Amino acid sequence: MIVKQYIKDFEALEFGMFVHFGIYSQLGRGEWIQHQAKIPVPEYEKLATTFTASGFDARKWAEIAKAAGAKYITLTTRHHDGFSLYDTCGLSDFDAPHSPAGRDLIREFVDACNKHGIIPFFYHTTLDWYNPDFNNDFDTYLEYLRKSVEVLCKNYGKIGGLWFDGNWSRTGDDWEEDALYSLIRKYQPE
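Summarised in this report is the structure supplied together with it. (Residues numbered from 1 in each chain as written. Predicted model: local features only at pLDDT ≥ 70, side-chain atom pairs only at ≥ 80, totals over all residues. Heavy atoms only, no water.)

## Looking at the side chain of Thr126
- For Thr126, the location among the structural elements is in the loop between β3 (119-125) and α6 (133-136).
- Here the side chain of Thr126 touches Asn167 through a polar contact of 2.7 Å, side chain to side chain.
- If sequence neighbours within four positions are ignored, Thr126 has contacts with Phe134, Tyr141, Leu145, Phe164, Asp165, Gly166, Asn167 and Trp175. (Helix = DSSP H or I, 4+ residues; strand = E, 2+ residues; numbered from the N terminus. Polar contact = N/O pair within 3.5 Å; in protein donor to acceptor, adjacent residues only side chain to side chain. Contact = heavy atoms within 4.5 Å.)

This is the structure we're talking about:
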């Protein structure tokens, strides 16, 4: 079965690195700080106006991963705070290209991985504290989620995989996973 081969291929990679980076990095208190400290969305959103990504060094991360023997790196493309490290292509302005960083950090990440023979993997939240549709119009939100993932699948070449996190936040809802995974396979068949 083809799914079993994907699992075997991933397991054969054995060792990888996982990197959390986002506007929360400025606070130095982890990716859950907005939730833990109960920071209101309008206040938290202001972090985007000071986000320069000065600590973002995909080249160095890829070099460290390579030296350590890692075969892949998983990077947060968007965490639960809703801020994207990539150009969302008009889906939202709450992203790195619209911040003082002014650049697509996922492009830098993929390029650095490819240069050093590291397989890029993408972490992407499925829940969203920023997008009001997550709570108010879940069907519209799921469309936004799929379009966000489509951008990642279309614009960065071959990736190793996607790591999703957040479905636990709405356990009784239909996340329309078949539609999401069909979309992924359309652009990233492996």
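Alright, that's what it looks like, and here's the rest.
## Re the layout of surface pockets
- Here the largest pocket defines a volume of roughly 780 Å³.
- Only α1 (2-13), β2 (72-78), β3, β4 (161-165) and α8 (177-187) provide two or more residues apiece to the lining of the largest pocket.
- No other element matches the seven residues that α1 contributes to the lining of the largest pocket. (1 Å grid on protein atoms, 1.4 Å probe; cavity = no way out; pocket = protein on both sides within 12 Å on 5 of 7 lines; lining within 4 Å. Points joined across faces, edges and corners; volume = space filled by probe spheres on them.)

## A word on the packing of aromatic side chains
- Per the counting criterion, the structure on display carries 23 aromatic pairs.
- Considering the side-chain rings of Tyr72 and Phe121, the 4.9 Å spacing of their centres and the 50 degrees angle between planes classify their relative orientation as tilted. Placement of Tyr72 in strand β2 and of Phe121 in strand β3 is noted, with a sequence separation of 49 residues between them. Across the pair, Phe121 and Tyr72 agree in class, each one buried.
- Aromatic ring contacts, followed pair by pair, group Phe21, Phe51, Phe56, Trp61, Phe83, Phe94 and Tyr130 into a single cluster.
- Directly above the aromatic system of Phe134 lies the positively charged group of Arg170, at a separation of 5.3 Å from the ring centroid.
- Here the basic side chain of Arg170 rests over the ring of Phe138, its NZ or CZ set 3.8 Å away from the ring centre. (Phe/Tyr/Trp six-rings, centres within 6.5 Å; stacked < 30°, edge-to-face > 60°. Buried < 20%, exposed > 50% of the residue type's maximum accessible area, 1.4 Å probe, protein only. Lys NZ or Arg CZ within 6 Å of the ring centre and 35° of its normal.)

## Re a negative patch on the surface
- On the surface, Asp137, Asp139, Asp174, Glu177 and Asp178 cluster together into a patch of negative charge.
- Of note, Asp139 is situated in helix α7 (residues 138-155). (Patch = residues over 30% accessible without salt bridge, like charges linked within 9 Å, V, L, I, M, F, W, Y side chains within 5 Å. Areas by Shrake-Rupley, 256 points an atom, 1.4 Å probe, with all protein chains shown as cover. Salt bridge = Lys/Arg side-chain N within 4 Å of Asp/Glu carboxyl O. Lys, Arg positive; Asp, Glu negative; His and termini not counted. Charge placed at Lys NZ, Arg CZ, Asp CG, Glu CD.)

## Here we look at the pairing of β3
- Of all seven residues in β3, six are buried, a share of seventy percent or more.
- Relative to β3, β2 runs parallel, the two sharing six bridges. Pairing of Ile73 across the sheet is with Pro120, part of β3.
- Handedness of the β-α-β unit built from β2, helix α5 (residues 105-115) and β3 comes out right-handed.
- When β3 meets β4, the two strands line up parallel, connected through five bridges. In the sheet register, Thr125 faces β4, and the bridge partner there is Asp165. (Pairing = 2+ DSSP bridges. Right-handed = clockwise from strand over helix to strand, strands pointing away.)

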